Amino acid sequence: MPAPQAPPGPAPRAAAGRLPRAPGVYRFRDARGAVLYVGRAVDLRRRVVSYWSDLGDRPHLAPMVRRIARVEALVCDSAHEAAWLERNLLERRLPPWNRTRGGQEVPVWVRLDRDGPAVVHDPPGFGPYLGGARVRTAVGAVRRILPVGALARARGLDPADPGALTAVLARDPAAVAAVRAELERRRDEATHRLAFEAATRLQAEIEAFDWLVAEQKVAGADPAEADAYGWSDGILVRLGVRAGRLCEWEQTRRRRPEALLAGTPVVWRPFAERAAGTAAALVRSG
């Protein structure tokens, strides 16, 4: 089946310079519309522009760069979400310049039991999350601050009350802010004491905690099926959610399709509208 054709836009290097400084997934197509490569970035503009400046440890991609005719991107709400979206897309289809189907991070869940939270490789539990090592680091830090199970008993607390921990895993803003503030306080205290090894460990825990609680909707436990549409300046983006994962991404030029936009699930409308706005900006002339 031929690749969907978006209208010709500016040179790909110029289009890359229009990308936002935000996390997301990018895609390169050749002049025939075939997908060459899918990647993810913490900073889309910096990452994609780098293909036309210094490939560094990626010299094997130079032949691909010469074939890029169009840049496409989806902006995500977090680096964790971008990692999941890249994985979903690459599991669906592996472009010729990608090497690994799905990526390197391992999907995990966090299950609460009598002895506290455990990182497991199968549901049920909170999640899914990507990156077992990073999630274990975050969970270990949270357990010290919000003890349950045996650790709670040792501190004279109620081991049967995982409410605060549940709130953190459910991304309750107040609970997340409280844990992060305590991790920062301990890091700063360690720095003040010149305990730099402990401060470095705590900084790594803060980064892992941010990963754990980051906004992430493109891979869910609910096996939902949906098509989400966004439209902007003549560009229609379709996002397909299959078995709870956003794994299909198409964009074409067409007139505003009111019925499709109205049928988009409310939860996906902001994401789809943003996707369409990004697509339109990348193909806009001038």
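Everything in this summary refers to the structure shown in the same document. (Residues numbered from 1 in each chain as written. Predicted model: local features only at pLDDT ≥ 70, side-chain atom pairs only at ≥ 80, totals over all residues. Heavy atoms only, no water.)

## A short note on the overall build of the protein chain
The line we're drawing: Helix numbering and strand numbering both begin at the N terminus, where a helix is a DSSP run of H or I of at least 4 residues and a strand a DSSP run of E of at least 2. Three labels apply to residues, based on accessible area from a 1.4 Å probe with only protein chains included: buried if under 20% of the type maximum, exposed if over 50%, partly exposed otherwise in between. Here, residues are in contact when the closest pair of their heavy atoms is within 4.5 Å.
In terms of helices and strands, the protein chain carries 11 helices and 9 strands. Considering only C-alpha atoms, the protein chain reaches an extent of 65 × 45 × 30 Å along its principal axes. Residue burial in the protein chain is summarised as follows: out of 286 residues, 48% are buried. If you take every contact in the protein chain between residues at least 6 apart in sequence, the share linking residues at least 24 apart comes to 60%.

## Re the nonpolar core
Heads up, the rule is: To qualify as a nonpolar core, a set must consist of buried Ala, Val, Leu, Ile, Met, Phe, Trp, Tyr and Cys residues joined through side-chain atoms within 4.5 Å.
Among the nonpolar cores identified, the biggest contains 30 residues, and Leu-85, Leu-239 and Leu-246 are the most heavily contacted of them. Secondary structure elements with two or more residues in this core: α4 (79-92), β7 (226-232), β8 (235-242), β9 (245-253) and α11 (269-283). Element by element, the count of residues in this core is highest for α11, at 7 residues. Aside from chain neighbours lying at most four places away, what touches Leu-239 is Leu-74, Ala-226, Asp-227, Ala-228, Leu-246, Glu-248, Trp-249, Phe-271, Ala-272 and Ala-275. Ranked by size, the runner-up nonpolar core spans 26 residues in total, among them Val-119, Leu-165, Ala-195 and Leu-202.

## A closer look at the sheet that holds strand β1 (residues 24-29)
Applied cut-off: Between any two strands, pairing holds if DSSP finds at least two bridges. Each axis is a line fitted through C-alpha atoms, and for a helix only the stretch in contact is used; angles between axes span 0 to 180 degrees, taken between their N-to-C directions.
Taken in spatial order, the 3 strands make up an open sheet running β2-β1-β3, and their pairing is antiparallel. Each edge of the open sheet is held by one strand with a lone partner, namely β2 (35-41) and β3 (70-75). The mean angle between the axes of side-by-side strands here comes to 20°, regardless of whether they run parallel or antiparallel. The sheet contacts of α4 involve β1, β2 and β3, and relative to β2 the element is tilted by about 160°.

## A few points about helix α9 (residues 196-213)
Where we set the bar: A helix is expected to span 1.5 Å for every residue after the first.
The end-to-end C-alpha distance of α9, which contains 18 residues, comes to 26 Å, matching closely the 26 Å that a straight helix rising 1.5 Å per residue would cover. Listing the buried residues of α9 in full gives Ala-199, Leu-202, Glu-205, Ile-206, Ala-208, Phe-209, Trp-211, Leu-212 and Val-213. Buried-residue contacts for α9 involve α4, β6 (126-130), α5 (132-145), α7 (163-169) and α8 (173-192).

## A short note on the packing of aromatic side chains
Applied cut-off: Within 6.5 Å between ring centres, the rings of Phe, Tyr and Trp (the latter by its six-membered ring) count as paired, and their orientation is classed by plane angle as stacked under 30 degrees, edge-to-face over 60, tilted in between. Whether a charge sits over a ring comes down to the Lys NZ or Arg CZ being within 6 Å of the ring centre and within 35 degrees of the ring normal.
Under the criterion given, the structure shown has 8 aromatic pairs. Summarising the aromatic geometry, the rings of Tyr-26 and Phe-28 are spaced 5.4 Å apart at their centres and angled 45° between planes, so their arrangement reads as tilted. A residue is classified by how much of its surface remains accessible, and Phe-28, at 0% relative accessible area, is buried. Plain terms: the ring middles of Tyr-26 and Tyr-51 are 5.8 Å apart, the flat faces sit at 65° to each other, and that makes the pair edge-to-face. Placement of the pair is Tyr-26 in strand β1 and Tyr-51 in the loop between α2 (44-49) and α3 (62-67), with a sequence separation of 25 residues. According to the relative accessible area criterion, Tyr-51 is buried, its value standing at 3%. Three or more aromatic residues joined by ring pairs make a cluster, and in this case those are Tyr-26, Phe-28, Tyr-37, Tyr-51 and Trp-52. A cation sits over an aromatic face here: Arg-134 above Trp-211, 3.6 Å from the ring centre.

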